[in-house]
Structure formats: C-alpha cells, structure tokens
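# Architecture at a glance
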Amino acid sequence: GGLDLPEREAMVGGERFVLRRRYRPGPEPGRLRFSTEIEAGGEVRRFELTHLALGARELEALARAAGFAEVRLLGSYGGAPWSEAAPATVVVAAP
C-alpha cells in the first residue's frame with residue numbers, strides 16, 4: 001500500500017524534468033517512507049527518507065513547547081483552513 005502523488009513535469013533550460021513521489025508505510029509503526037524519483041537528461045535519480053508521522057495537534061503542541069506563542073494550522077500551502085479532511089497540514093508559528 002501507499003499513496004502516489006501526482007507526477008509533475010517541467011521544462012528547465014530546454015531540458016525536461018519529471019518528478020514522481022510516493023508515501024508508504026515505514027519500517028516501524030508511526031513512520032512513513034517518502035520516495036522521490038527525478039528524471040532528467042535520460043537519467044533517473046532516486047531518494048528515500050523515513051519520516052516520523054505526527055498529527056496536526058501533536059505538531060501544534062510541539063511548536064508551543066518550543067516557545068512559539070502564535071501557532072496556526074492550515075490545510076494547504078495556499079492558506080486554506082485546516083480540517084481532518086485537508087490535503088495537507090501546514091504549521092505557521094511565530095514568537
């Protein structure tokens with residue numbers, strides 16, 4: 001199982017770049033594997049990172065514990081309100 005993110009393609013300096021990303025369960029509970037594949041100039045490079053999966057409220061609490069007084073949760077990088085159904089969790093924090 002996993003989640004394939006939409007493939008992205010761009011032309012940079014006359015060269016075609018293709019970006020492929022995928023999330024899947026990690027090696028331990030509470031972990032996610034994030035795989036990235038970049039195709040450019042006929043070569044493919046692959047990268048893989050393991051992330052600790054934290055919920056929105058956990059992220060908010062960690063930001064406050066780190067000393068941030070103003071902490072907001074957004075549901076997208078465009079500033080949409082956060083909800084459980086949001087496609088993303090973006091934390092904006094200020095002192």
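Structural data are supplied above this passage.
Quick look at the structure, then. No experiment lies behind these values; they were computed from the predicted model shown. (Residues numbered from 1 in each chain as written. Predicted model: local features only at pLDDT ≥ 70, side-chain atom pairs only at ≥ 80, totals over all residues. Heavy atoms only, no water.)

## Points about the pairing of strand S2 (residues 8-12)
Among the five residues that make up S2, zero are buried, leaving the element largely open to the surroundings. Across five bridges, S2 lies against strand S3 (residues 15-25) in antiparallel orientation. Paired with Arg8 across the strands is Leu19, a residue of S3. With antiparallel pairing between neighbouring strands as the criterion, S2 and S3 make up a hairpin whose turn holds two residues, including Gly13 at a positive phi of roughly 55°. (Buried < 20%, exposed > 50% of the residue type's maximum accessible area, 1.4 Å probe, protein only. Helix = DSSP H or I, 4+ residues; strand = E, 2+ residues; numbered from the N terminus. Pairing = 2+ DSSP bridges.)

## As for the environment of Leu52
Mapped onto the elements, Leu52 comes out in strand S5 (residues 43-52). It is 8.9 Å that separates the C-alpha atoms of Leu52 and Gly26, two residues lying 26 residues apart in sequence. Not counting residues up to four positions away in its chain, the partners in contact with Leu52 are Gly30 and Arg31. (Contact = heavy atoms within 4.5 Å.)

## Describing the layout of surface pockets
As a volume, the largest pocket reaches approximately 660 Å³. If you list the elements that add at least two residues to the lining of the largest pocket, you get S3, strand S4 (31-40), S5 and helix H1 (56-65). (1 Å grid on protein atoms, 1.4 Å probe; cavity = no way out; pocket = protein on both sides within 12 Å on 5 of 7 lines; lining within 4 Å. Points joined across faces, edges and corners; volume = space filled by probe spheres on them.)

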